[in-house]
Amino acid sequence: MAASVREKQAAALKRMLNFNAPPLKNTAAEPVWKVLIYDRFGQDIISPLLSVKELRDMGITLHLLLHSDRDPIPDVPAVYFIMPTEENIDRICQDLRNQLYESYYLNFISAISRSKLEDIASAALAANAVSQVTKVFDQYLNFITLEDDMFILCHQNKELISYHAINRADIQDTDMEAIMDTIVDSLFCFFVTLGESHAQKILCVLNSLFTGDNMAAGQFSFQRPLFVLADRNVDMATPLHHTWTYQALIHDVLDFHLNRVVMEEGAGAEPSPAGARPKKKSRKMYDLTAADRFWQKHKGSPFPEVAESVQEELDTYRAQEDEVKRLKSIMGLEGEDEGAISMLSDNTAKLTSAVSSLPELLEKKRLIDLHTNVATAVLDHIKSRKLDVYFEYEEKLMSKSTLDKSLLDIISDPDAGTPEDKMRLFLIYYITAQQAPSEFDVEQYKKALLDAGCDLSPLNYIKQWKAFTKMAATPANYGNSGVKPMGLFSRVMNTGSQFVMEGVKNLVLKQPTQSADTCFSHFQETDDYRYFDPKMLRGSERYDRLSLQSDQINNPAIMFVVGGGNYIEYQNLVDYAKSKQGKKVVYGCSELFNAAQFIKQLSLLGQK
């Protein structure tokens, strides 16, 4: 089976950390001890892929930020992993002058320009450290992989390529060119990382595409991936949607970025004594990694199933723990009773087996505690904000189903969600409405939203967007997704459950939205897509018209959204790929935002 994007990027990082040589397979050999120096961009790329333990196994004794205060370690080599910016180049030159390390292995996340290379060479000459600069590499790793089949372009400075940055009214041509250059650079790095065997071919393809050199048809025989480039403006409702799957819910309601959840835990319900300092809330961090089997299995599951599975895992663990305790008790038997002696010998092997599996049991307990805490925090948000009600209502709006409750009633209900929840619901109604509501109705809704404490700036922008899309194209088709209410929980409603789900609907997802099918199956039925193929002659009639053959549609596909993406779309693509045996789809986006972050960008656009 072909390696995933995550595996390929992790392998490239491990090669880099081994001084750009393939890592030794003989793990018994002691690694060369070294220091890793990175900037914030490098830190964001490494942290979702390699743990501190893995770095230590690779010989990394210290990992430090480039612009932090660092003491000299003159007898240790240093591996740098940084962006080729002016500030970073200046700091490398300063390190060379200060003779901080024994040798320098410089790895740039993106390609470094000749002028900056000359700056480093001049500094090395001036510091008499030319022989210490051992290697200089362009790594082409300027993207962040979050899942086997998901990547984003950046986390630092993501506002520079955000939806707001691309769509603001006062954007200059030079600003747009800079944004496009940033996106193209990261996408190029992504394709290079797909594999060395494809890198040169992709270089040739991109060279043909951007320089206009003609290419004979059939020059390459490898199976080319289908790259689908989509604009966020095609679908504005999905990023605002209240979701119901585990991973997307965590991203929506908790502080979740780069596969790490940060939660604040109160120091206790009792108030502090008068005059005393308030007790500080402790911050807990949980990493949701590829090694977590529960996470890998359930991250795309509806939340009720996750809650039930956590409870089942907890019950299984307790049963195993009780078995170990029982065996310990038996081992303490005394007396001459033959039955007791026989029982003792029978259980010795069982106890030995139980003790040997203790580390695995402890790790299982850690993961159960992790998911119990995270799922409980998510559940608190669901219950306090009635997110199940919002999810079900929005699904009906998007699938044009019959509504059982007035939208005005939900907006006016003081117990139903936050002002942001109400604004998200109304925006989805406004976006998905086939016929725009009358001015009278809009004024009624606006009054109710203002009374609920909502900021109407996002609505101002969505009105402009809707007027433009009505002229430019037809609205997005959200398909017949729908949900099926299954009543209240049965197995997790018992008193022994960690999750008190009373009052929360057990909504089970039907089919994912049809956007993936629309993209990959119906290309030839629409003129909304433009198709570019570097193997075609430029200027031919077929060059800029959609002309996909069925075998190309079935090729591995990469879907990339300019303007930001979300876990809802990612999960839809995962479900789509599962439904099409043998289909491999990778999801990427310029930035990953949740609904709150997207609303803020819409608000900024609506204020102008």
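As shown above, the structure is provided for reference.
Here, residues in each chain are numbered from 1, in the same order as that chain's written sequence. Totals for whole chains, interfaces and linings use every residue, but because this is a predicted model, local features are given only for residues with pLDDT of at least 70 and side-chain atom pairs only at 80 or more, for both listing and counting. Note: side-chain values were computed over all heavy atoms of the structure, leaving out hydrogens and water.

S.K.: It is not clear to me how the overall build of the protein chain should be interpreted in this structure. Could you clarify?
M.R.: Labels follow the DSSP assignment, with helices taken as runs of H or I lasting at least four residues and strands as runs of E lasting at least two, numbered in each case from the N terminus. From N to C terminus, the protein chain includes 22 helices and 15 strands. For each residue, the accessible area found with a 1.4 Å probe, counting protein chains only, is set against the maximum for its type, and the residue is called buried under 20%, exposed over 50%, and partly exposed in between. Out of the 608 residues in the protein chain, the part that is buried amounts to 48%. Looking at the protein chain alone, contacts between residues at least 24 apart form 76% of all its contacts between residues at least 6 apart. Per-residue and other accessible areas follow the Shrake-Rupley method at a 1.4 Å probe size, with only the shown protein chains counted as cover for residues. Carbon and sulfur atoms make up 53% of the accessible area of the protein chain, which amounts to about 31300 Å² in all. Any two residues having at least one pair of non-hydrogen atoms within 4.5 Å are treated as being in contact.

S.K.: Explanation requested: the nonpolar core in the structure shown.
M.R.: Taken as a class, soluble globular proteins show a tendency for nonpolar side chains to be buried jointly. By size, the foremost hydrophobic cluster in this structure holds 67 residues, and its most contacted members are L13, L17, L36, F81, I250, L254 and F303. Residues in contact with L36, not counting those within four places in the same chain, are L17, I46, L55, I60, L62, H63, L64, V79 and F81. For our purposes a nonpolar core is just a set of buried Ala, Val, Leu, Ile, Met, Phe, Trp, Tyr and Cys residues, chained together by side-chain atoms within 4.5 Å. If you look at the next biggest cluster of nonpolar residues, it comprises 35 residues, including V442, A448, L459 and L602.

S.K.: Sorry if this is basic, but what is going on with the sheet that holds strand β7 (residues 150-152) here?
M.R.: Hydrogen bonding along the main chain pairs the strands of a sheet, whether they run parallel or antiparallel. At least two DSSP bridges between two strands are required for those strands to pair. Taken together, the 5 strands give an open sheet; going across it, the order is β6-β7-β15-β14-β8, and neighbouring strands pair in mixed fashion. The outermost strands of the open sheet, each flanked by one partner alone, are β6 (144-147) and β8 (226-231). On average, each strand axis in the sheet is inclined to that of its neighbour by 20 degrees, with strand direction left out of account. Axes, fitted as lines to C-alpha atoms, cover a helix only where it is in contact. Angles between the N-to-C directions of the axes lie from 0 to 180 degrees. Running at roughly 135 degrees to β6, helix α1 (residues 5-17) makes contact with β6 and β15 (585-589) of the sheet.

S.K.: What am I meant to see in the state of the cysteines here?
M.R.: What is meant by a disulfide is a covalent connection between two cysteines, made through their sulfur atoms. In this description, a disulfide is simply a cysteine sulfur pair whose atoms lie within 2.5 Å. Under the criterion given, the structure shown has 0 disulfides. Its sulfur unpaired, C154 is 9.9 Å from the next cysteine sulfur, which belongs to C589.

S.K.: When you look at unusual backbone geometry in this model, what are you seeing that I'm missing?
M.R.: Negative phi is the rule for most residues except glycine; trans is the rule for most peptide bonds. Residues other than glycine seldom take positive phi values, yet Q99 does so here, at roughly 50 degrees. Structurally, Q99 can be placed in the loop between α4 (86-98) and β4 (101-108). A positive phi is found at Y140, a non-glycine position, where the angle reads about 50 degrees. With respect to the element layout, Y140 can be found in the loop between β5 (133-138) and β6.

S.K.: Just checking my understanding: could you explain the pattern of salt bridges for this structure?
M.R.: Once their charged atoms are close, side chains differing in charge can pair, the charge on each being opposite to the other. The working definition used for a salt bridge is a side-chain nitrogen of Lys or Arg within 4 Å of a carboxyl oxygen of Asp or Glu. Evaluation of the coordinates by the stated rule reveals 21 salt bridges. The partner of K447 in a salt bridge is D451, and the shortest N-O contact between them spans 3.1 Å. In this pair, K447 and D451 are both assigned in helix α17 (residues 439-451), 4 residues apart and thus about one turn of the helix distant. Overall, K447 belongs to the exposed group, its relative accessible area being 52%. Each of R6, E147, D148 and K299 takes part in a single network of salt bridges with overlapping partners.

S.K.: Honestly, the sheet that holds strand β9 (residues 255-257) in this entry has me stumped. Any pointers?
M.R.: The 3 strands lie next to each other as β9-β10-β11, forming an open sheet whose pairing is antiparallel. Of all strands in the sheet, those with a lone pairing partner are β9 and β11 (282-287), marking the two edges. The average angle at which neighbouring strand axes cross in this sheet is 20 degrees, direction not considered.

S.K.: Sorry, what's going on with the packing of aromatic side chains here?
M.R.: Aromatic ring pairs: the centre-centre distance and the angle between the two ring planes describe each pair. Stacked, edge-to-face and tilted are the three classes for Phe, Tyr and Trp ring pairs, Trp counted by its six-membered ring, which pair at centre distances within 6.5 Å; planes under 30 degrees apart are stacked, over 60 edge-to-face, the rest tilted. Inspection of the entire model under this criterion finds 25 aromatic pairs. With 5.5 Å between their ring centres and 75 degrees between their planes, Y163 and F598 make a pair best called edge-to-face. One end of the pair, Y163, is in helix α6 (residues 163-167); the other, F598, is in helix α22 (residues 595-606), and 435 residues separate them in sequence. With a centroid separation of 6.4 Å and 45 degrees between ring planes, the pair formed by Y246 and F303 is classed as tilted. A residue pair is termed long-range when its members are at least 10 positions apart, and Y246 in helix α9 (residues 246-253) and F303 in helix α11 (residues 303-331) qualify at 57 residues. Both residues of the pair, Y246 and F303, belong to the buried class. One aromatic cluster is present, formed by Y246, F256, W295, F303, Y567, Y570 and Y587 through successive ring pairs. In this analysis the charged atom, NZ for Lys or CZ for Arg, is taken to sit over a ring once it is within 6 Å of the ring centre and within 35 degrees of the ring normal. If you follow K34 out to its NZ or CZ, it ends over the ring of F19, 5.1 Å from the centre.

S.K.: Explanation requested: the packing of helix α14 (residues 387-398) against helix α16 (residues 419-432) in the structure shown.
M.R.: The angle between the axes and the distance between the axes are what describe a pair of packed helices. Contact pair α14 / α16: the axes reach a minimum separation of 10 Å and the direction vectors enclose 10 degrees. As far as their axial angle goes, α16 and α14 are roughly parallel. Here L387, Y390, Y393, E394, L397 and M398 of α14 come into contact with α16, specifically with D421, K422, L425, I428, Y429 and T432. Just so you know how the angles are binned, under 35 degrees is roughly parallel, over 145 roughly antiparallel, 65 to 115 roughly perpendicular, and the rest oblique.

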